[in-house]
Every structure is written in structure tokens, then in C-alpha cells.
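Survey of secondary and tertiary structure
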Amino acid sequence: MDLIIVDNYEELSQRAADIIASCVEADPACTLGLATGTSPIGLYAKLVEKCQAGEISFKDVTTFNLDEYRGLNPEHNQSYRYFMNHHLFDKVDINKEATHVPDGADPDAEHACAIYEQLIERNGGIDLQLLGLGHNGHIGFNEPQDDFPAKTHLVQLTQRTIEANSRLFDSIDDVPREAYTMGIGTIMAARSILLVATGSSKAQIVHDVMYGLVTPQVPASILKFHPNVTIIVDKEAGALCQQ
Ligand code: F6R
């Protein structure tokens, strides 16, 4: 895994956006795996700038998001579809039909997950998967557990994740308790992976992912087995690591 420690969030966003832009430049019809959360907001803004300046085009790009809350409609302002529209899709020249987020409005979990997995497969897989990192090491909504789930599946969110995500809802009771997420196998099948993490509250988990054992109790630790992973952190999140 390639670890890049940068000075601040601005630089992290620029470096990450440059990597994604290079992927799109190299193959204008590439497939990107995307993430929500606070960490990628800055890099999405940089990609919007690049696109609006005519430096890159998303016209032929296909995207698959990692996850979605179960029970939220795409129009709900806390749904991950809404987030993606707001931060990226509505502001660039992407064909919305080629953007995919698990269908949180489909109550049939087996159906919603199987369809999503098939779509990714039929599309030929993901070229570059962007990830954030949970404080407990989760990627997508793959929480610490006894095994590494292979495919897109239904998850019960942990209390810690519900609390972390409640900052974006009116009250903690409004945070959905379940989500659909790509599996660890789905993520590991991507041809390259870019993980971004910021802030001192992520320092310990970034250290554990980099130097700890590979264990499903730290889901992101499995990235050590992937041949093409870049991790970009700001100096606070990288405080316990050497470069
Ligand atoms: C979001 C996702 C999550 C977040 C993680 C970090 O689609 O899959 O795994 O990446 O919870 O979130 P932030 O960036 O808000 O710290």
C-alpha cells in the first residue's frame, strides 16, 4: 500500500482528485467506485472545478457507489444518492443513467443486493474505487465482524456508526439502522483503490490499517492484500505512521 501524508485537507483533496482525473483521462469510459461521507467532499469539489474548466469530462464515465441507507428514498436529503447528486453528479457532464447507487428504497434486500452486484459484474468491474475509512476500520458499511463479506449485502449499522452519522440528521432516532453495502470482495475486485482519511480522530485506525494484522475486526486491513492501493491522509490522520 502506498501511503501519502499531506499537510492538510486542501492538499489531500487536490492529490486525490488528480488521481481520479488521471484515471478518467487515461480511459474516458472508465468505471469509478465512489464513496460518500465528509472525507471526499473536497475532492469532489476539485473534480467539479476540473470538469467545469473543461479539463476532464465524465460524459462516458460509469459510477457505482459503495452503499446506501436502507429505507431512504433517493430524494431524501440524507440519502447517499442525494449526496452524490449534490456534490458531483448534478455539477458535471455525467450521464445520470450511468451513475449507480444501491436502491435504498427497495425493501427486498436480497433483490436490491443481487441486482447491484450483477450490474457491477456486467459492467466489467470497477477501475478505481474511492474509499473513506470509519473510526472502527469500516469500509463501505462493512463493520468489524467475524468474516469478510464477499458481496453486496444488507448490514445492521453499529451503535458507533449510527452515532457518528447522526451529526447529519435532525436526531439520532432518524438515522436508519440498516444499509446496503458492497461487500469486501466487491471492493477488493476493483483494479485500483484510493482511500482518503483526515483528522486526528482517524490516526489510530490509519496506523492499525497500515501496520496491524489483517483481520475482519479491522475491515480495511484487508487492503494489504490488494496489489494497487493508495492511501492519502492529512498529517493529523497520519500522525502515527511513517512515510
Ligand atoms: C461512505 C462510506 C463510509 C465512509 C466512512 C468515513 O459511502 O462508505 O465507509 O467512507 O464512514 O466517513 P467520513 O469520511 O465521513 O469520516
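Structure shown above.
Residues numbered from 1 in each chain as written. Predicted model: local features only at pLDDT ≥ 70, side-chain atom pairs only at ≥ 80, totals over all residues. Heavy atoms only, no water.

This next bit is on the pattern of salt bridges. Evaluation of the coordinates by the stated rule reveals 6 salt bridges. Arg70 serves as the salt-bridge partner of Glu178, at 2.7 Å between the closest nitrogen and oxygen. Remark: Arg70 occurs in the loop between β4 (67-69) and α3 (80-87) and Glu178 occurs in strand β8 (residues 178-181); sequence separation between them is 108 residues. According to the relative accessible area criterion, Glu178 is partly exposed, its value standing at 22%. Close ionic contact of Asp90 with Lys96 constitutes a salt bridge, the shortest N to O distance being 2.7 Å. Under the relative-accessibility criterion, Lys96 is labelled partly exposed at 36%. (Salt bridge = Lys/Arg side-chain N within 4 Å of Asp/Glu carboxyl O. Helix = DSSP H or I, 4+ residues; strand = E, 2+ residues; numbered from the N terminus. Buried < 20%, exposed > 50% of the residue type's maximum accessible area, 1.4 Å probe, protein only.)

Contacts to the ligand come from 14 residues, most closely from Ser39, Asp67, His138, Gly140 and Lys202. Interatomic distance of 3.2 Å between a side-chain N/O atom of Arg167 and an oxygen atom of the ligand. Within the complex, the protein chains bury 91% of what would otherwise be the 410 Å² of accessible surface of the ligand. More than half of the atoms belonging to the ligand lie within 2 Å of the grid points that define the largest pocket. Taken together, the residues of the shell around the ligand sort by class into 3 nonpolar, 8 polar and 3 charged. (Near = heavy atom within 4 Å. Polar contact = N/O pair within 3.5 Å; in protein donor to acceptor, adjacent residues only side chain to side chain. Areas by Shrake-Rupley, 256 points an atom, 1.4 Å probe, with all protein chains shown as cover. 1 Å grid on protein atoms, 1.4 Å probe; cavity = no way out; pocket = protein on both sides within 12 Å on 5 of 7 lines; lining within 4 Å. Sits in = over half its atoms within 2 Å of the grid points. Nonpolar A, V, L, I, M, F, W, Y, C, P; charged D, E, K, R; others polar.)

Let us now look at the environment of Asn142. By the element assignment, Asn142 lies in the loop between β6 (128-131) and β7 (153-156). Asn142 sits in the buried class, given a relative accessible area of 0%. Distance from Asn142 to His153, taken between C-alpha atoms, is 9.3 Å for residues 11 residues apart in sequence. If near-sequence neighbours (up to four positions away) are discounted, Asn142 is found in contact with Pro149, His153, Thr181, Met182, Gly183, Ile184, Ile187 and Pro219. Separated by 2.9 Å, the side chain of Asn142 and the backbone oxygen of Met182 make a polar contact. (Contact = heavy atoms within 4.5 Å.)

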